[in-house]
Amino acid sequence: MNGRPAATGQAAVDQLLEVLDLDHTGATSFRGVSPSVGPQRVFGGQVAGQALVAAGRTVDPERFVHSLHGYFVRPGDPAEPIDYQVENVRDGRSFSVRRSVALQHDKPIFFMSASFQRQEQALEHQAPTPPDVPGPDDVPTMSDRLARYPERLGIWGQIPRPIDVRYVGEPGWVRPGDRPADPYQRVWMRIDGKLPDDPLLHACALTYASDLTLLDSVLSVHGEVWGPGGLVGASLDHALWFHRSFRADEWFLYDCWSPSASGARGLATGRMFTLDGRHIASAVQEGLLRRVGD
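Small disclaimer: the values here were computed from a predicted structure and weren't measured. Here, residues in each chain are numbered from 1, in the same order as that chain's written sequence. Where local features are concerned, this predicted model is filtered to residues with pLDDT of at least 70; where side-chain atom pairs are given and counted, the filter is 80 or more; whole-chain, interface and lining totals use all residues. Here the side-chain values reflect all heavy atoms present in the structure, with hydrogen atoms and water set aside.

1. A few points about the packing of aromatic side chains
Right, so step 1: Two rings from Phe, Tyr or Trp (for Trp, the six-membered ring) form a pair when their centres are within 6.5 Å of each other. A pair whose planes differ by under 30 degrees is stacked, one over 60 is edge-to-face, and the rest are tilted. The final tally for this structure, using the stated rule, is 7 aromatic pairs.
Right, so step 2: On the numbers, 6.3 Å between centres and 85° between planes, the contact of Tyr149 with Trp173 is edge-to-face. On the criterion of sequence distance, the pair formed by Tyr149 in the loop between α3 (142–147) and β7 (163–167) and Trp173 in the loop between β7 and β8 (184–191) is long-range, its members being 24 residues apart. The same class applies to Tyr149 as to Trp173, namely buried.
Right, so step 3: Taken together, the ring pairs in this structure connect Phe64, Phe242 and Phe246 into an aromatic cluster.
Right, so step 4: A ring is scored as having a charge over it whenever the NZ atom of a lysine or the CZ atom of an arginine sits within 6 Å of its centre and within 35 degrees of its normal. The cationic tip of Arg186 hangs over the ring face of Tyr184; the distance from NZ or CZ to the ring centre is 4.3 Å. Strands are runs of DSSP state E lasting at least 2 residues, helices are runs of H or I lasting at least 4, and numbering of each runs from the N terminus. Under the scheme applied here, a residue whose accessible area is under 20% of the maximum for its type counts as buried, over 50% as exposed, and between as partly exposed, the area being computed with a 1.4 Å probe on protein chains only.

2. Considering the side chain of Asp164
Right, so step 1: Relative to the elements of secondary structure, Asp164 occurs in strand β7.
Right, so step 2: Classification of Asp164 as buried rests on a relative accessible area of 11%.
Right, so step 3: At 3.2 Å, the side chain of Asp164 forms a polar contact with the side chain of Arg166.
Right, so step 4: Contacts are assigned to residue pairs with any non-hydrogen atoms lying within 4.5 Å of each other. Ignoring any residue separated from it by four or fewer positions in sequence, one finds Asp164 in contact with Trp188, Met189, Arg190, Asp192 and Trp251. Residues adjacent in sequence count toward polar contacts only when both atoms are side-chain atoms; beyond that, a polar contact is any pair of N or O atoms within 3.5 Å, and within protein one must be able to donate a hydrogen and the other to accept it.

3. Observations concerning the layout of surface pockets
Right, so step 1: Both site types are read off a 1 Å grid over the protein atoms alone. A 1.4 Å probe that fits but cannot get out defines a cavity, while an open set with protein on both sides within 12 Å along at least five of seven lines defines a pocket; lining residues have an atom within 4 Å of a point. Grid points are joined across faces, edges and corners, and a volume is the space filled by probe spheres set on the points. Size it by volume and the second largest pocket reaches roughly 900 Å³.
Right, so step 2: Considering the residues around the second largest pocket, the lining is formed by 27 residues, among which Gln119, Glu120, His243, Arg244 and Ser245 are closest to the centre.
Right, so step 3: Elements represented by at least two residues in the lining of the second largest pocket include exactly β3 (63–72), β6 (107–118), α4 (199–210) and β9 (231–242).
Right, so step 4: The element contributing the most residues to the lining of the second largest pocket is β3, with 4 residues.

Here it is, written out as structure tokens:
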């Protein structure tokens, strides 16, 4: 590693935009790359976001993605490009469905189905926002939290941080014993810069962000942490529903909790709310969780 600090702000956002800007290699095929500095395997939110970019580029832009369902089947190698093949499953009067497969060495590492819908108006309601949650300006920044745990930082101090993440409670990367058990994990997020106005790009950025902290809510129930003295994990699948229009470069609360954990797997679910209380998206993920050394 070169020892340089992680890129933040618009510089990191511009790097994320480059990662999401796939090369067109055929009528329904695309190629993406990973950041030059990153973990030993491709981040799940990255491959899901790129798969959505590929699928969305084959759909009428008047139709907006409303749901996606994906499975992580092999770890991705960040040193190798990722090829995306998109299947046009159906184009109906209101909905378009696509299947997007991510491949490395001709083997799938991730596949996803995504559905897109033209705008319609009908019934409207939503559950209330969580009560008494402090705002993003009232909780520590990521830099404030990282300063307390330099020994837990490692490579994460050099990976670009295009998302401003502010935990309401303790994150999962603190020292063992420093995290009280909490049935909820709540995190304020926003893209840490300006995004273009393209709604598909905002959906892809939100998809990227949705994989950052969701599985950590399983550990939060037990006051557990990631890494030495705790657990290691990997995403098995990921589902995301988009309910209302939004901008990923504006603050949203990611309200996560875990209804079940068993058999070395944990289930996590999350809801995303804007600052003014609009419920913009919901996510569900199951992950593999094992004690370090198991």
